[in-house]
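The lines below spell out each chain.
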Amino acid sequence: MMTAIPFRSATELSSLIRSGKLGSEELLDLYLERIDKHNERINAIIAMDIPGARRRAKAADAAVAKGEFWGPFHGLPITIKDSFDVIGMPATWGVPELRNHRPATNALAVQRYIDSGAIPFGRTNVPAYLIGWATSNEIYGTTSNPWDLARSPGGSSGGAAAALAAGLTALELGVDFGGGVRNVAHYCGIFGHKPTYGVTNWVGHVMPGIQNKPDLAVAGPLARSADDLKTALSLIAGPTPDDAVAWRLDLPAPRVGRLSDLRVAVMLEDPSFPVDDEVQDRIQAVADFFGKHGAKVNARARPAIESGAAFRIFGGLLMAGVTSRQNDEAFWKRLSHLRARFMSTDDGSEKIFTHADWIELDAARNLLRRAWKAFFSDWDILLCPAAPTVAVPHDPKLAYHDRKVLVKGRPTSPADPTFWGAFTTVAHLPSTVAPAGLAKSGLPVGVQIVGPEYGDMTCIEVARRLEREFYGFVAPKGWN
């Protein structure tokens, strides 16, 4: 069945524009009409620059008429997550004090999207300070999941993922340290890639007044296809202009040839971090797909790492990295679930991390990296959940950081679901989340495809194979 225009991949849409079969301004108008019709239900897009986008769309169409092309995303209307700097549009980070912040320059990743021909026309909602898996803030309110309006699209790129799933934009850009690209892809049934640490830049994605790149965090693309992820990553990966004087990035080619040659480890859950059966069932279905195609599949293979220790190292690095903001009361309130999980001591006091602590944690992180390197000498990828449940319900009575998350019917700290992002983030590993089908509840489940450090192309290629031969993006019902 032919996919409706608003739900096609960025790659397909750009090809139609370059061939003259679809106008850039025509597609922009289509998305604007859909936003007018649908956005009120999900509150994904929170600001737009329609005049500016229309001028550039007209220029894109004029360029096509003359046989001129700007790049792989020529004339493609896109939205950008609120926290990335975009000239003239708000960059509030969901924080009331930044309500009127309008950047004078574009974030470098945004500029590279623009240089490829893309046309940013709107901004998508985020949790305050980008903290939490419920996208809500005091400025713009709460964003809902197109698959179930009573549920969250995740965070921190919740508005971006919801807009993609609902067919309101063509491409997005997210941020991930504990799963902010991966959990939203899983919750909303789209594709997301968390790159190897350091391969994408952070210029223009720093909160005003902070001015330093946070440890662990990376920028990564969100899309409706694996091909889109590959192209988008090629744009935003690489050195900053200052560093480009001396070095360049050359990511290795995918390890994937024939599926029968693929070595697949599978981790459905962890003894300390359980996963709902309906999520496990879809991850197992992906593993079975590879097994049927002759791949070597092993459900017991694990790196020589104690998962709880890895989570503590992640939490320590995270907390140590934000100690400079210890006097920001609102920020630390949003971190209350992480403070309780990672800063509580045996005597009931709260640990304050020092630079010496960070050095010790960094050394421990490097031991984890070596253990994963040894693991990936035997295995090409690890399949695991992106989160322990399907999209979590809204809770109007409690903020995300004050509530409990039910996993297998038992309440757990909202910090614990972060494990499925943190386990690989702490070791700098890349991972792609691809749709794995629908759970028994009818909600989407994504499979997290983890690869070796700098194995980004392997992760994305495996997602591409799944998209073509197993399961791809499916639009939620009721959004046509």
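For the structure itself, consult the block above.
Bear in mind the structure is a predicted one, so any value in this text is a computation, not a measurement.

Thresholds, definitions, all that
Residues numbered from 1 in each chain as written. Predicted model: local features only at pLDDT ≥ 70, side-chain atom pairs only at ≥ 80, totals over all residues. Heavy atoms only, no water. Helix = DSSP H or I, 4+ residues; strand = E, 2+ residues; numbered from the N terminus. Buried < 20%, exposed > 50% of the residue type's maximum accessible area, 1.4 Å probe, protein only. Arc of directions from axis to C-beta. Contact = heavy atoms within 4.5 Å. Axes fitted to C-alpha atoms, helices over the stretch in contact; angles between N-to-C directions. Parallel < 35°, antiparallel > 145°, perpendicular 65-115°, else oblique. Left-handed = near helix turned anticlockwise from the far one by under 90°. Nonpolar A, V, L, I, M, F, W, Y, C, P; charged D, E, K, R; others polar. Disulfide = S-S within 2.5 Å.

## Let's talk about unusual backbone geometry
In terms of backbone geometry, most residues other than glycine have negative phi values and most peptide bonds are trans.
And step 1. Of the consecutive residues Gly155 and Ser156, the connecting peptide bond is found in the cis state with omega at 10°.
And step 2. Among the structural elements, Ser156 can be located in the loop between strand 5 (141-142) and helix 5 (158-165).
And step 3. With a phi close to 80°, Leu216 is a non-glycine residue in the positive phi region.
And step 4. Summarising the element assignment, Leu216 is placed in the loop between strand 7 (191-194) and strand 8 (218-223).

## Topic: helix 1 (residues 10-18)
And step 1. Taken together, the buried positions of helix 1 are occupied by Ala10, Leu13, Ser14, Leu16 and Ile17. Along the axis of helix 1, the buried residues cluster in a sector spanning 160°; they form a single face.
And step 2. Of the surrounding secondary structure, the elements contacted by the buried residues of helix 1 are helix 2 (24-42), helix 3 (50-65) and helix 7 (226-236).
And step 3. After helix 1 finishes, the residue Gly20 shows a positive phi value of roughly 85°.

## Structural notes on the packing of helix 9 (residues 307-321) against helix 12 (residues 355-375)
Helix packing geometry: the angle between the two helix axes and the distance between the axes.
And step 1. Between helix 9 and helix 12, the shortest axis-to-axis distance is 10 Å and the interhelical angle comes to 140°. Judged by the inter-axis angle, helix 9 sits oblique to helix 12. Where helix 9 crosses over helix 12, the two elements pack in a sense that is left-handed. Every residue of helix 12 that contacts helix 9 at Ala310, Ile313, Gly316, Leu317 and Ala320 is listed here: Trp358, Leu361, Asp362, Ala364, Arg365 and Leu368.
And step 2. Residue classes in the contact of helix 9 with helix 12 are distributed as eight nonpolar, one polar and two charged.

## Overview of the packing of helix 8 (residues 277-292) against helix 14 (residues 456-469)
And step 1. At a closest axis distance of 12 Å, the pairing of helix 8 and helix 14 adopts a crossing angle of 90°. Relative to helix 14, helix 8 is oriented roughly perpendicular. Packed against helix 8, whose contacting residues are Val286, Phe289 and Phe290, the element helix 14 presents Val462, Leu466 and Glu469 at the interface.
And step 2. Residue composition of the contact of helix 8 with helix 14, grouped by class: five nonpolar, no polar and one charged.

## Describing the state of the cysteines
And step 1. Under the criterion given, the structure shown has zero disulfides.
And step 2. We note that Cys188 lacks a disulfide partner, and the nearest cysteine sulfur, in Cys384, lies 19 Å from it.
And step 3. Assessed through its relative accessible area of 0%, Cys188 is described here as buried.
And step 4. Here Cys459 is not cross-linked by a disulfide; its sulfur's nearest cysteine counterpart is in Cys384, at 10 Å.

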